[in-house]
2 protein chains.
Amino acid sequence: MNFLEERIVKDGAVREGNILKVDSFLNHQLDIKLFNEIGREFKRRFAGLPVTKIMTIEASGIAIAAITAQYFNVPVLFAKKSKTVNLDGDLLTTTVDSFTHKTTNTVTISKKFISPDDHVLLLDDFLACGNAMLGLTDLVHKAGASVTGIAIAIEKGFQDGGRILREKGYKLESLAIVDDMDPQTGKITFRHQD
Amino acid sequence: MNFLEERIVKDGAVREGNILKVDSFLNHQLDIKLFNEIGREFKRRFAGLPVTKIMTIEASGIAIAAITAQYFNVPVLFAKKSKTVNLDGDLLTTTVDSFTHKTTNTVTISKKFISPDDHVLLLDDFLACGNAMLGLTDLVHKAGASVTGIAIAIEKGFQDGGRILREKGYKLESLAIVDDMDPQTGKITFRHQD
């Protein structure tokens, strides 16, 4: 097991409804030392590839994106879920269904912050159905930029997002892939990764 | 002018409706090097005071909180605006009106992540009416913990939040306090700080 898988086993909890609770370190309380380990590992996995910007979607991916950006020495751009008076000018929008929140969001970025020259690393804390990442790839393509890869902390391997994104040809790196988890016993089975 | 004031003058823009647009570096695209300068300066301003946790509210405060937490060597806790299946157990809630989004949110944290022993540094990108920070102080007090101080990147000094929080006795440190801004000329006047 790698450092993240070990932490999930130690501090995560499995709940009914395919919920993996990691709120003590990943998406409510944030262990910033762990996030630095995550950032370093993403840098290792995408070493040598062009990355000019890290893009995520609010809210729980933002902190991991910010810490990871230190290892790539690039800015972060986070897509916004709500309409806000803080964005104006040319906007790029797409639609994302949220598994976690049972809602559909219009997701927005300002066109001026992403250009055809950009090589974008997409990043999020969780990958499940893949809707958020598909939405972000759509925004990058609408901007004429390219997707260098997708960096995920925890992938739910028993849902379709990972398969869909890999079949589309994206370089998807998930630090922990949960292939099975049992709310009765709490047992979590990770996919073997080299 | 300090480094943040200089950046606001260089890359910010004043819009009608008391909007200060800093989306190119602070709350949409994120300049992580700048955030490290912000984090170091917060550490300097709260040096010697007890801080066991940094608390913010989703979404735009999260990245600054994560970077700043590296200088305090503490975890971050971010209050959630939406109902989510990721939180369960004992919750603490309060209500916050958003100036930016023109909405009222029920804001939630898990009680288990904040104890009476905690000394909490509240942090956000903007302070305007103060509702978000008043909500967070309410959550900290409900948990029986103490507020060490409030760390803000940009305070709109012509709105009431800063005055209200200082009158309540909180140590409020805003790196840039905008006392006046003119959408016609673009001129921004900062409050003098030692």
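Residues numbered from 1 in each chain as written. Chains lettered and ligands numbered in written order. Predicted model: local features only at pLDDT ≥ 70, side-chain atom pairs only at ≥ 80, totals over all residues. Heavy atoms only, no water.

Caption draft 1: The arrangement of the pattern of salt bridges in detail. As enumerated under the stated definition, the model contains 30 salt bridges over all chains in all. Residue E155 of chain B pairs with R166 of chain B through a salt bridge whose shortest N-O separation is 2.9 Å. One end of the pair, E155 of chain B, is in strand β9 (residues 146–156); the other, R166 of chain B, is in helix α5 (residues 161–167), with 11 residues separating them in the sequence. Accessibility expressed as a relative area gives 2% for E155 of chain B, which makes it buried. When salt bridges with common partners are traced through the structure, they connect E41, R44, R45, K171 and E173 of chain A into a single cluster. (Salt bridge = Lys/Arg side-chain N within 4 Å of Asp/Glu carboxyl O. Helix = DSSP H or I, 4+ residues; strand = E, 2+ residues; numbered from the N terminus. Buried < 20%, exposed > 50% of the residue type's maximum accessible area, 1.4 Å probe, protein only.)

Caption draft 2: Up close: the side chain of E58 of chain A. If you trace the backbone, E58 of chain A turns up in the loop between β4 (53–57) and α3 (62–72). Notably, E58 of chain A is buried but unbridged: the nearest opposite-charge side chain belongs to K80 of chain A, and the N-O separation is 5.7 Å. Other than its neighbours up to four places away in sequence, E58 of chain A contacts F78, A79, K80, K81 and S82 of chain A together with A59 of chain B. (Lys, Arg positive; Asp, Glu negative; His and termini not counted. Contact = heavy atoms within 4.5 Å.)

Caption draft 3: Highlighting the relation of the copies chain A and chain B. Of the transformation superimposing chain A on chain B, the axial component is 0.0 Å and the angular component is 180 degrees, with the fit at an RMSD of 0.0 Å. Taken together, the turn and the small shift mark the pair as related by a two-fold rotation axis. Interface overlap between copies is the fraction of interface residues in one copy that are interface residues in the other; for chain A against chain B it reaches 100%, indicating a shared surface. (Least-squares fit on C-alpha atoms with pLDDT ≥ 70 in both.)

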